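Okay, here's what each chain looks like letter by letter:
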Amino acid sequence: MLFFLLESFIILLPLLGSIVFMTLAERKVMASMQLRVGPNVVGFYGILQPFADGLKLLFKEAVTPSHANKVIFLISPFITLSLAIMGWAVIPFAKGTALADLQKSKKKTH
């Protein structure tokens, strides 16, 4: 079980990190298309901008609608993220490194 968790972190952390920097690249391209200064203020060439955005998101005031189910409202971002990451579970990154090997779990009917 510990090996599975370690393997999961080894695969998912670079994946999530690449998404962070793809967002940075997207913001820089949009800024150049709109002829404005892009996210290049925080750190060297804007490298720290995604982390600054993440901190801003964590410490932002949460506004919960008064008639919403508060538990579902607060849990829904985690559910969405976990469902998006589960799509990557079946992709083999190298030989034997897929998080979910569906061929092993398949029962033989012969």
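Predicted, not measured: the structure shown is a model, and the values here were computed from it.

Rules of the game
Residues numbered from 1 in each chain as written. Predicted model: local features only at pLDDT ≥ 70, side-chain atom pairs only at ≥ 80, totals over all residues. Heavy atoms only, no water. UniProt positions renumbered as here; feature names shortened; annotations may be inferred. Helix = DSSP H or I, 4+ residues; strand = E, 2+ residues; numbered from the N terminus. Salt bridge = Lys/Arg side-chain N within 4 Å of Asp/Glu carboxyl O. Polar contact = N/O pair within 3.5 Å; in protein donor to acceptor, adjacent residues only side chain to side chain. Patch = residues over 30% accessible without salt bridge, like charges linked within 9 Å, V, L, I, M, F, W, Y side chains within 5 Å. Areas by Shrake-Rupley, 256 points an atom, 1.4 Å probe, with all protein chains shown as cover. Buried < 20%, exposed > 50% of the residue type's maximum accessible area, 1.4 Å probe, protein only. Axes fitted to C-alpha atoms, helices over the stretch in contact; angles between N-to-C directions. Parallel < 35°, antiparallel > 145°, perpendicular 65-115°, else oblique. Contact = heavy atoms within 4.5 Å. Nonpolar A, V, L, I, M, F, W, Y, C, P; charged D, E, K, R; others polar. Phe/Tyr/Trp six-rings, centres within 6.5 Å; stacked < 30°, edge-to-face > 60°. pLDDT = per-residue confidence, 0-100.

Participant: I tried to follow the UniProt feature "transmembrane region" (unreviewed entry) in the protein chain on my own but got confused; where do I start?
Facilitator: In the numbering adopted here, UniProt assigns the feature "transmembrane region" (unreviewed entry) to residues 71-91. Secondary structure within residues 71-91 divides into 76% helix and 0% strand; the distance between the first and last C-alpha atoms comes to 32 Å.

Participant: Explanation requested: the pattern of salt bridges in the structure shown.
Facilitator: Pairing of side chains with opposite charge becomes possible as their charged atoms draw close. Across all of its chains, the model carries 1 salt bridge by this definition. Taking the shortest distance from any N to any O, the salt bridge between Asp-53 and Arg-27 comes out at 2.3 Å. Here Asp-53 is found in helix H2 (residues 49-59), whereas its partner Arg-27 is found in helix H1 (residues 2-33), with 26 residues between them in sequence.

Participant: How should the environment of Thr-80 be read in this particular structure?
Facilitator: Following the sequence through the fold, Thr-80 ends up in helix H3 (residues 70-86). A polar contact is formed between the side chain of Thr-80 and the backbone oxygen of Ser-76, at a distance of 2.9 Å.

Participant: Help me out: how do you make sense of a nonpolar patch on the surface in this one?
Facilitator: The grouping of Phe-21, Phe-44, Tyr-45, Ile-47, Leu-48 and Phe-51 at the surface amounts to a nonpolar patch, some 660 Å² of accessible area in total. Within the fold, Phe-51 resides in helix H2. Classification of Phe-51 as partly exposed rests on a relative accessible area of 47%.

Participant: Explain the packing of H1 against H2 to me, please; I cannot follow it from the model alone.
Facilitator: A packed helix pair is summarised by two numbers, namely the angle formed by the two axes and the spacing between the axes. Across the interface, H1 lies against H2 with an axial gap of 9 Å and an inter-helix angle of 105°. One element, H1, and the other, H2, form an angle in the roughly perpendicular class. Listed contacts from H2 to Val-20, Phe-21, Leu-24 and Arg-27 of H1 are Gln-49, Pro-50, Phe-51 and Asp-53. When its residues are assigned to classes, the contact of H1 with H2 shows 5 nonpolar, 1 polar and 2 charged.

Participant: Hey, could you run me through the packing of aromatic side chains in this one?
Facilitator: What characterises a pair of aromatic rings is the spacing of the ring centres plus the angle enclosed by the ring planes. Following the criterion strictly, the structure yields 1 aromatic pair and no others. When the ring of Phe-21 is compared with that of Phe-51, the centres are 6.0 Å apart and the planes differ by 75°; the resulting orientation is edge-to-face. You can see Phe-21 sitting in helix H1 and its partner Phe-51 sitting in helix H2, a full 30 residues away along the chain.

Participant: Hey, could you run me through the confidence of the model for the protein chain in this one?
Facilitator: Detailed reading of the predicted coordinates is not advisable wherever pLDDT is low. Mean pLDDT over the protein chain: 80, with 87% of residues reaching 70 or higher. Mean pLDDT across the secondary structure elements of the protein chain bottoms out at helix H4 (residues 102-105), with 64, and peaks at H3, with 88.

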